[in-house]
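# Remarks on the overall topology
Single-letter residue listing:
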Amino acid sequence: FSIDFNQPENLPERLESGTINTVGIAGLSAGLDFVANKGIRRIHDYEIRLLQELYDGLKPIHGVKLYMDRPSVRHFSPVLSFNLEGMPSEQVGEELGQAGFAVRAGLHCAPAAHRRLGTLEQGTVRVSPSVFSHSEHIHAFCNQVKKIVKKNQLP
């Protein structure tokens, strides 16, 4: 059939022509091996420790509004939402992005959650440390937030 330009009539063969996504399959396999070797619990605990460090670093910064209690290993995913008083979340996200930090800003496809938090107009900046993050990244992030606060002369 390889020389024939016509596709077979029968399913599923009709939809199976072409080269399989070998690179994608290899990448998925490597990712699964990584998680299996590290262990899901170990990865989660590490990410939560970084999240706690991030929370502790942002909390004392004047003008930072956090929308959660200090995270615990047991009840949290490694995600933190915050705002800077007087600044649109998108502007904060853009300034962090220009400094090399990947964050999401806005409503995160969750308007009901933002209505509940009172952030429907402003959205939030969402940051999520990963297994590839380190304490140095957390400290640099907090220092960048301080610079943004100072630069924008927030109250």
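Everything below is about the structure printed above this text.
First, a word on scope: everything that follows refers to the structure included in this document. Throughout this description, residue numbers start from 1 for each chain and increase along the sequence as written. pLDDT decides what is reported in this predicted model: residues at 70 or higher carry local features, side-chain atom pairs at 80 or more are listed and counted, and totals for whole chains, interfaces and linings draw on all residues regardless. Each side-chain value is derived from all of the structure's non-hydrogen atoms; neither hydrogens nor water enter the calculation.

### A closer look at the pairing of strand β4 (residues 124-127)
A pair of strands is labelled paired if DSSP reports no fewer than 2 bridges between them. Starting at the N terminus, helices and strands are each numbered in turn, a helix being any DSSP run of H or I of at least four residues and a strand any DSSP run of E of at least two. One ladder, built from three bridges, connects strand β2 (residues 80-84) with β4; its direction is antiparallel. In the sheet register, L80 faces β4, and the bridge partner there is V127. Of the strand pairs in this sheet, strand β3 (residues 104-106) and β4 are connected by three bridges, and their pairing is antiparallel. Each residue of the ladder has a partner; that of A105, found in β4, is V125.

### Some words on the pairing of β2
Think of it in three bands: residues with accessible area under 20% of the maximum for their type are buried, residues over 50% are exposed, and the middle band is partly exposed, with areas taken using a 1.4 Å probe on protein chains only. Across the five residues of β2, five count as buried, placing the element largely inside the fold. The two faces of β2 match: L80, F82 and L84 on one face and S81 and N83 on the other face are all buried. When strand β1 (residues 64-66) meets β2, the two strands line up antiparallel, connected through three bridges. When the bridges of β2 are listed, L66 appears paired with F82.

### Brief notes about the side chain of Q144
Turning to its location among the elements, Q144 is positioned in helix α5 (residues 135-151). The contact rule is simple, with two residues in contact once any of their heavy atoms fall within 4.5 Å. Setting aside chain neighbours within four positions, we find Q144 in contact with L96, A99 and F101.

### Focus: the pattern of salt bridges
Should a side-chain nitrogen of Lys or Arg be within 4 Å of a carboxyl oxygen of Asp or Glu, the pair is scored as a salt bridge. Tallying each qualifying case throughout the model produces three salt bridges. Across the pair E95 and K151 runs a salt bridge whose closest N-O atoms are separated by 3.3 Å. Of the two residues, E95 is situated in helix α3 (residues 89-98) and K151 in helix α5; the sequence distance between them amounts to 56 residues. Look at K151 and you get exposed, because its relative accessible area is 59%.

### Here's the deal with the nonpolar core
By convention a nonpolar core is built from buried Ala, Val, Leu, Ile, Met, Phe, Trp, Tyr and Cys residues, the set being connected through side-chain atoms within 4.5 Å. L58, L80, F82 and V145 are the most contacted members of the largest nonpolar core, which totals 25 residues. Of all the secondary structure elements, the ones that give two or more residues to this core are α2 (40-58), β1, β2, α3, β4 and α5. Apart from the residues lying within four places of it in its own chain, the contact partners of L58 are V64, L66, L80, F82, F141, C142 and V145.

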